[in-house]
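Coordinate inspection notes
Read off the chains here:
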Amino acid sequence: MPLIMWILVGAFLGTIIFSWGMGGFKSKGQLDGVVGKIGDREILYDKYNRLVQDRVAQERQKNPDTEINDAQIRQIRKQAWYDLVREQVMAIYREKFGIVTSDEEVAFAVRNNPPSWIQENENFQKDGVFDRSRYEEFLRDPSSAKILVSIEEDYRSSMGNQKVIDR
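Structural notes, computed from the coordinates. This structure is a prediction, so every number in the text was calculated from the model and none was measured.

Structural notes on the overall build of the chain
Scanning the chain from N- to C-terminus turns up 7 helices and 4 strands. Seen in sequence order, the chain has helices and strands lined up from the N terminus as α-β-β-α-α-α-α-β-β-α-α. With the C-alpha coordinates of the chain rotated into their principal frame, the extents come out at 90 × 45 × 30 Å. Counting the 167 residues in the chain, one finds 21% classified as buried. Considering only residue pairs separated by 6 or more positions, the chain has 59% of its internal contacts joining residues 24 or more positions apart. Treating the 24 positive side-chain charges of the chain as one cloud and the 26 negative ones as another, the clouds have centres 6 Å apart.

Focus: the packing of aromatic side chains
Ring pairs (aromatic) are described by centroid distance and by the angle formed between their planes. Scanning all chains against the criterion turns up 6 aromatic pairs. Ring centres of Tyr48 and Trp81 lie 6.0 Å apart, and the angle between their planes is 85°; this geometry places the pair in the edge-to-face category. Taken together, the positions of Tyr48 in helix H2 (residues 45–62) and Trp81 in helix H3 (residues 70–97) put the pair 33 residues apart, joining distant regions of the chain. Residue classification places Trp81 among the partly exposed positions, given a relative accessible area of 32%. Ring centres 5.7 Å apart and planes at 40° place the aromatic pair Tyr93 and Phe97 in the tilted group. Taken together, the residues span about one helical turn, with Tyr93 and Phe97 both in helix H3 at a distance of 4 residues. Judged by relative accessible area, which is 29%, Phe97 ranks as partly exposed. An aromatic cluster is present here, built from Phe124, Phe130, Tyr135 and Phe138 joined pairwise through their rings.

Focus on the nonpolar core
Counting 11 residues, the largest nonpolar core consists of Val106, Ala109, Val110, Ile118, Phe124, Tyr135, Phe138, Leu148, Ile151, Tyr155 and Met159. Taken together, the elements giving at least two residues each to this core come down to helix H4 (103–112), helix H6 (132–140) and helix H7 (145–166). Examining the composition of this core, we find that 4 residues originate from one element, H7, more than from any other. Once residues lying within four places of it in the same chain are set aside, the contact partners of Leu148 are Val110, Phe138 and Leu139. In this structure, Ile38, Tyr48, Ile76 and Ala80 belong to the second largest nonpolar core, which totals 9 residues.

Here is what the cut-offs are and how they apply
- Residues numbered from 1 in each chain as written.
- Predicted model: local features only at pLDDT ≥ 70, side-chain atom pairs only at ≥ 80, totals over all residues.
- Heavy atoms only, no water.
- Helix = DSSP H or I, 4+ residues; strand = E, 2+ residues; numbered from the N terminus.
- Buried < 20%, exposed > 50% of the residue type's maximum accessible area, 1.4 Å probe, protein only.
- Contact = heavy atoms within 4.5 Å.
- Lys, Arg positive; Asp, Glu negative; His and termini not counted.
- Charge placed at Lys NZ, Arg CZ, Asp CG, Glu CD.
- Phe/Tyr/Trp six-rings, centres within 6.5 Å; stacked < 30°, edge-to-face > 60°.
- Core = buried A, V, L, I, M, F, W, Y, C linked by side-chain atoms within 4.5 Å.

Remember, this is a structural readout, not a statement about activity or role.
Quick look at the structure:
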């Protein structure tokens, strides 16, 4: 009887240490760092947190003199979550419908329809109006490749999403 009692005490202490304390006995169903799952696609905490932090920084940059309150942060978090879920749902439907946005479509859109944040940027304006020649120069400049890749990714995603909506 004392042997059984010591075995049970040891098992109990092992459970406390490994399962409760260290998270040692995880089942296969648990998701590490995953805050959401849509179908077989995971939304990772790191991506969500990075998006929230970027949006908070953008908000601070827009209004440097005002402090961001809790309600604004809740709204930013809510919108970031909505955007990530929408992104995943649209990706699922793009795959389901076999929708592909070609490189030619993306290149045409980038060349002929620059994003609003570029059109409003003072580096691309002359006398307060968007200057296409400055934009064309930007497109030819090899040092702007990183920004162009980001623009192309945004266009590819939004054009694919529009195709899903149209379908």
